[in-house]
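Listed here are the chains, written in short residue letters.
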Amino acid sequence: MNPRRKILLNPGPGTTTNIVKRALVVPDICPREREFGSVVYQIRRDLLTVSGADPETHCAVLIAGPGTAAVEAALGSLVPRDGRVLIIENGAYGERAAEIATTLQIPVDVWSLPWTVCPSPVEFAARITAGRFTHAFWVHHETTTGMLTPLAEYGRICRSCGVVSIVDAMSSFAGLPISLREDAVDFIISSANKCLQGMPGVSFVLGPQELIERSSAIGRTYTLNLARHEASLINGQFPFTPPVQVLYAMACALQETLTETVAARAARYRACYSVMLDGMEQLGFRTVLPKALHSQLLTAFHSHDAPGFSFEQLHDYLYARDITLYPGKLRHEKSFRVANIGALTPHDMRGFIAAVREYLHEN
């Protein structure tokens, strides 16, 4: 029996297929068994395929925990004590990375910008060359606003300067084409429950195996040490108890991703975005960002100008109709966000627009 379908317009965990949901229900198994190890091996292999990585030189390090755990693992493991990382903070998730670096006492320069500003590659190059950085960190898809920042362009600049790039691709991986072979990016961080359309509970770091193995002496935390995880995962084992059922669902979600292809999924997401944006603009909503900066995966909107409009009331109206909307994160103005990732279709977005239109008419 399939559960009632809900339309989640938050940036993860998103709407999943019934096939992925059913993959959670498996016989109990000890995660030390070879059978489970084969699932772990398949997940790592498929992640490298989705990321366009070189299986001879790259590896996929799985972390039991939310995406933030993988960000902490990457920053805490990869930046040496005599190194320095530049972190771009132009949204809540860049801000979070900066807080992690400060907490772990990682040498860091935080490039704080307005949360609606994306540095150009020229500005980024000037910042990189002006400092003595060993690493740079930025968020590819900053879901505070739906901003898409350069990936390949920043990566090429880092590589030309001998700087290791660490990219939070939490809400873009598998939703936009990314290639570790072609994009000149060193490390990518993401999780199972965003554009991969899996369940929450597993995150991962993808990057050069050599650099991860060399980080064994750097790790600032015990449980989030990338080298420790990789040494265990080579044998199909997590160093600590893994979320077994979530990993079965992740393996299923990866198979769905490979079958659909990232290119086709990205096209489906763009179609959903187009329907959603056209409908919202017709209803009088204004986007926070200019369209040139839109990821087409999530869009932030200003609160409606209609007298008495309340996001909380709109949320509750939609929630009663099995549609979930997400509040904004801007500090000084009212906003909300609409994500169009997950197992959604343009038909779902037309239903969402119809429900918003009904709410505005009734209120």
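Scroll up to find the structure this text is about.
Residues numbered from 1 in each chain as written. Predicted model: local features only at pLDDT ≥ 70, side-chain atom pairs only at ≥ 80, totals over all residues. Heavy atoms only, no water.

J.: Honestly, the packing of aromatic side chains in this entry has me stumped. Any pointers?
T.: In this description, a pair of aromatic rings is defined by centroid distance and the angle of the planes. For the structure on display, the rule yields 13 aromatic pairs. Judged by centre distance (5.8 Å) and plane angle (70°), the ring pair of Phe285 and Phe309 falls under edge-to-face. Of this pair, Phe285 sits in the loop between helix H10 (262–282) and strand S11 (298–302) while Phe309 sits in the loop between S11 and helix H11 (311–319), and the two are 24 residues apart along the sequence. Residue classification places Phe285 among the buried residues on the basis of a relative accessible area of 3%. Both rings, one in Phe311 and one in Phe336, keep their centres 5.5 Å apart while their planes meet at 25°; by these two values the pair is stacked. (Phe/Tyr/Trp six-rings, centres within 6.5 Å; stacked < 30°, edge-to-face > 60°. Helix = DSSP H or I, 4+ residues; strand = E, 2+ residues; numbered from the N terminus. Buried < 20%, exposed > 50% of the residue type's maximum accessible area, 1.4 Å probe, protein only.)

J.: What's the story with the nonpolar core in this structure? I'm lost.
T.: Side chains of a nonpolar character, in soluble globular proteins, are inclined to be buried together. In terms of nonpolar packing, the biggest core is built from 101 residues, with Leu47, Leu62, Leu75, Phe124, Phe137, Phe173 and Met250 touching the most fellow members. Here this core takes 10 residues from helix H9 (residues 244–260), the largest share from any one element. With sequence-adjacent residues up to four places away left out, Phe124 is seen in contact with Leu86, Ile88, Trp111, Ala136, Trp138, Tyr154, Ile157 and Cys158. Within the second largest apolar cluster, 26 residues are counted, among which are Leu283, Leu325, Val338 and Val356. (Core = buried A, V, L, I, M, F, W, Y, C linked by side-chain atoms within 4.5 Å. Contact = heavy atoms within 4.5 Å.)

J.: Help me understand the packing of helix H3 (residues 67–78) against helix H4 (residues 92–103), please; the structure alone is not making it clear to me.
T.: To characterise two packed helices, one gives the angle between the axes of the helices and the distance between these axes. At their nearest, the axes of H3 and H4 sit 10 Å apart, and the two run at 50° to each other. In terms of their interaxial angle, H3 and H4 are classed as oblique. By crossing handedness, the relation of H3 to H4 is classed as right-handed. Across from Thr68, Val71, Glu72 and Leu75 in H3, the residues of H4 making contact are Arg96, Ala97 and Ile100. Residue classes in the contact of H3 with H4 are distributed as four nonpolar, one polar and two charged. (Axes fitted to C-alpha atoms, helices over the stretch in contact; angles between N-to-C directions. Parallel < 35°, antiparallel > 145°, perpendicular 65-115°, else oblique. Left-handed = near helix turned anticlockwise from the far one by under 90°. Nonpolar A, V, L, I, M, F, W, Y, C, P; charged D, E, K, R; others polar.)

J.: Looking at this structure, I do not really get helix H8 (residues 226–233). What am I missing?
T.: Every α-helix winds through 3.6 residues per turn, so residues three or four apart in the chain are directed the same way. Taken across its eight residues, H8 has six buried, putting it largely inside the fold. Along H8, the residues that are buried comprise Leu226, Ala227, His229, Glu230, Ser232 and Leu233. In the core, the buried residues of H8 are packed alongside helix H2 (34–50), strand S2 (58–64), H3, strand S10 (202–208) and helix H7 (209–214). Two or three places before Ala227, at the start of H8, stands the capping residue Asn225, its side-chain oxygen 3.0 Å from that residue's backbone nitrogen. (Polar contact = N/O pair within 3.5 Å; in protein donor to acceptor, adjacent residues only side chain to side chain.)

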